[in-house]
Amino acid sequence: PFILIPYSIYLLFFKMTLQRPDLLSSATFGLINLRPAVGIDDERQVLVVGTISGGTAQVASDLAKKLGLEIGHEVSDTYWHFVRDGTVSW
């Protein structure tokens, strides 16, 4: 029972920021204004870097820090992960 409350808050955070940012904006009267949700069928840029075991996790981390992109290493699910600007997935 004690783990359900923090886990529910955790899931609600991802639901509101990734799937329903419009509700968050409405609830805060526009004070929190996130970019629109990316749908499953929406087009997105894809960036594939390197080979398996070739240091791609570090490259993804460096690109995220230096270019300010949202890069998910081996993640392409934009419904529950912050990988909307560029996706590193193979």
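Residues numbered from 1 in each chain as written. Predicted model: local features only at pLDDT ≥ 70, side-chain atom pairs only at ≥ 80, totals over all residues. Heavy atoms only, no water.

Asker: A description of the overall build of the protein chain should follow, citing residues and the corresponding values.
Answerer: Along the backbone of the protein chain there are 3 helices and 2 strands. Reading the secondary structure of the protein chain in the N-to-C direction produces α-α-α-β-β. A burial count over the protein chain gives 22% of its 90 residues as buried. Considering only contacts within the protein chain whose residues lie at least 6 apart along the sequence, 40% involve residues at least 24 apart. Summed over its atoms, the accessible surface of the protein chain is roughly 6600 Å², and 64% of this surface lies on carbon and sulfur atoms. (Helix = DSSP H or I, 4+ residues; strand = E, 2+ residues; numbered from the N terminus. Buried < 20%, exposed > 50% of the residue type's maximum accessible area, 1.4 Å probe, protein only. Contact = heavy atoms within 4.5 Å. Areas by Shrake-Rupley, 256 points an atom, 1.4 Å probe, with all protein chains shown as cover.)

Asker: Tell me about the pattern of salt bridges, and name the residues and values.
Answerer: Evaluated as defined, the whole model comprises 1 salt bridge. For Asp-22, the salt bridge identified is with Arg-20, shortest N-O distance 3.0 Å. The exposure class of Asp-22 is partly exposed, given its relative accessible area of 40%. Judged by relative accessible area, Arg-20 falls into the partly exposed class, the value being 34%. (Salt bridge = Lys/Arg side-chain N within 4 Å of Asp/Glu carboxyl O.)

Asker: Any chance you could break down the packing of aromatic side chains for me, citing the residues and the numbers?
Answerer: For the structure on display, the rule yields 3 aromatic pairs. Taken together, a centroid distance of 6.1 Å and an interplanar angle of 25° make the contact between Tyr-7 and Tyr-10 stacked. In this pair, Tyr-7 and Tyr-10 both sit in helix α1 (residues 4-19), 3 residues apart, roughly one turn of the helix. A residue is classified by how much of its surface remains accessible, and Tyr-10, at 47% relative accessible area, is partly exposed. (Phe/Tyr/Trp six-rings, centres within 6.5 Å; stacked < 30°, edge-to-face > 60°.)

Asker: Tell me about α1, residues and numbers included.
Answerer: Taking 1.5 Å of rise per residue, the 16 residues of α1 would be expected to cover 22 Å, and the 21 Å separating its terminal C-alpha atoms lies within 8% of that figure. Regarding α1, the residues found buried are Phe-14, Met-16, Thr-17, Leu-18 and Gln-19. Buried positions along α1 lie against α2 (21-27). (Expected span 1.5 Å × (residues − 1).)

Asker: So what's going on with the side chain of Thr-17? Residues and values would help.
Answerer: Note on placement: Thr-17 falls in helix α1. There is a polar contact of 2.8 Å between the side chain of Thr-17 and the backbone oxygen of Phe-13. (Polar contact = N/O pair within 3.5 Å; in protein donor to acceptor, adjacent residues only side chain to side chain.)

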